[in-house]
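# Fold and geometry: a report
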Amino acid sequence: MSKAFDILVIGGGPGGYVAAIRAAQLGFTVACCESNPYADPRGKPRLGGTCLNVGCIPSKALLHTSHLFSEAARNFSGQGIEISALTINVAKMLARKNAIVDRLTDGISMLFKKNKVAFLPGHGAFIGKAANGWKLTVGKDEVEAKQVIIATGSKARHLPNVPVDNKIVCDNIGALDIDTVPKRLLIIGAGAIGLEMGSVWSRLGAEVTILEAMPDFLAVADIDVAKEALKIFTKQGLAIHTGVTIGEVKVGKKNVTVSYADRNGKAVRVEADRLIVSIGRIPNTEGLNADAVGLQVNDRGQIEVDAHCKTNLAGVWAIGDIARGPMLAHKAMEEGAQVAELIAGQAGHVNLDAIPSVIYTNPEIAWVGRTEQQLKAEGTDYKAGRIPFLANGRALGMDAPEGFVKILADAKTDRILGVHIIGAGASELISEATVAMEFAGASEDLARICHAHPTLSETLHEAALACDKRALHF
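### Observations concerning the pairing of strand β19 (residues 364-369)
- Of all 6 residues that make up β19, 5 are buried, and the element is covered over most of its length.
- Pairing between strand β18 (residues 357-359) and β19: 3 bridges, direction antiparallel. Of the residues in β19, the one forming a bridge with Val 358 is Ala 366.
- What sits between β18 and β19 in their antiparallel hairpin is a turn of 4 residues.
- Note that β19 and strand β22 (residues 416-423) share 6 bridges and pair antiparallel. Residue pairing for β22: Val 368 is matched across the bridge by Val 419.

And the structure:
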């Protein structure tokens, strides 16, 4: 006999587990299935998806440890803190990272029990229509559900003909488990993952080279932020080459050699102890048996959805990395809650124009809304306010004077169109900007709000004032 639920969520990552919990809170009988291959030394099934297991959370743990090590090695003496014989114990660093992952994934299991969400270990796939919804397989079992939420996430894109063993050649999974500091680390891809992993190992002593195919560095970010980031990261020791064409990759037992053409067409050959491939991600839609039920999947591997995450099939929804929009955990979470509320007849909402993005380097990079180059391409008349962290007392006290805050507002209505930050605490500061944009706020709104002193948030206040050329401290 098959198991029956009001809602089956396929995938237990950020979007899936939030959808399951919210649906259960709304009174539905809910099951969530997960079949990820992430190894758990205790033999337990792992919830949390890429984000908690091999993405956002473990990478931030490594970034924090490496940041502390770098601060101790380079900056403590200037503040009167003297340390001798500084070393890094990579095994302990990795153990701490793994303990954080265990704690958070266990926490999701506890939340499932608290909210009476049934966890079904196994891969979910469609069989066909049922009398009152859909019939699916989960592993060897059969399940019926009135509504199905697909939240299967994404996986790393690999280079053609370059096998990833996560020892010499790594994707995001292997990059988090390198057990010794490599003397030479090569990274292909200068996006968030490449820059963050490059930062981790560079701070710990590796010689890091990053190769990027795009002609411009960090083209997704505002042009001023990208220029500032390139200057800072180069100063930190990252060798970043843009506009390259990757050629032959030779993998040995202890090293790897990559041949490439630089932006001028010159042939270059570089050898490294480890290679990290971070050239983007692709949606996990294989194995859903989508064709059998007529589920529409586009040529990018994404499931086609409308503005409310509805697919072309009645009662079937798709959220997170397998749907349109940015591949970000927080976007998936919001969509998960939205779909659960829509199923319950409520007014779920996700504004894709107000989804913040963050790169957790040092300094951090964060933005929300449109970039200056996008506004120029659209022909939008805008004004800009820009304030450096160098003018902020808290930033100077923290020995973090690098970077700036930039606010872009409509020249006629003053409505905020985009906010771009490179500097200390950018990942936290961007939330104030996101709130302002979600409520259609103007730069004057931020300018007239009293900000605590001394705080990093005053940079946002000053940048808002600067939109009307009335900054008070710069």
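### Some words on the packing of aromatic side chains
- Tallied over the entire structure, the rule returns 2 aromatic pairs.
- Between the aromatic rings of Phe 126 and Trp 134, the centroid separation amounts to 5.8 Å while the plane-to-plane angle is 80°, which identifies the pairing as edge-to-face.
- A relative accessible area of 2% places Phe 126 in the buried class.
- Cation over ring: Lys 129 sits above Trp 134, and NZ or CZ is 4.6 Å from the ring centre.
- Residue placement shows Arg 386 over the ring face of Phe 404; its charged tip is 3.8 Å from the ring centre.

### Side note on unusual backbone geometry
- A cis amide bond links Asn 362 with the next residue in sequence, Pro 363, at an omega value of 5°.
- Here Pro 363 lies in the loop between β18 and β19.
- Within the chain, Lys 116 stands out as a residue other than glycine whose phi angle is a positive 60°.
- With respect to the helices and strands, the residue Lys 116 is situated in the loop between α4 (90-114) and β3 (117-121).
- Residue Asp 414 is not a glycine yet carries a positive backbone phi of 70°.
- Within the secondary structure, Asp 414 is located in the loop between β21 (404-410) and β22.
- On the basis of relative accessible area, Asp 414 is assigned to the buried category, the value being 9%.

### Digging into the sheet that holds β19
- Taken in spatial order, the 5 strands make up an open sheet running β18-β19-β22-β21-β20, and their pairing is antiparallel. Strands with a single pairing partner mark the edges of an open sheet, and in this sheet they are β18 and β20 (382-388). Looking at each pair of strands side by side, their axes are set apart by 10° on average, direction ignored.
- Of the strands in this sheet, β20, β21 and β22 are in contact with helix α14 (residues 458-466), which crosses β20 at around 140°.

About the criteria used
Residues numbered from 1 in each chain as written. Predicted model: local features only at pLDDT ≥ 70, side-chain atom pairs only at ≥ 80, totals over all residues. Heavy atoms only, no water. Buried < 20%, exposed > 50% of the residue type's maximum accessible area, 1.4 Å probe, protein only. Helix = DSSP H or I, 4+ residues; strand = E, 2+ residues; numbered from the N terminus. Pairing = 2+ DSSP bridges. Phe/Tyr/Trp six-rings, centres within 6.5 Å; stacked < 30°, edge-to-face > 60°. Lys NZ or Arg CZ within 6 Å of the ring centre and 35° of its normal. Axes fitted to C-alpha atoms, helices over the stretch in contact; angles between N-to-C directions. Contact = heavy atoms within 4.5 Å.

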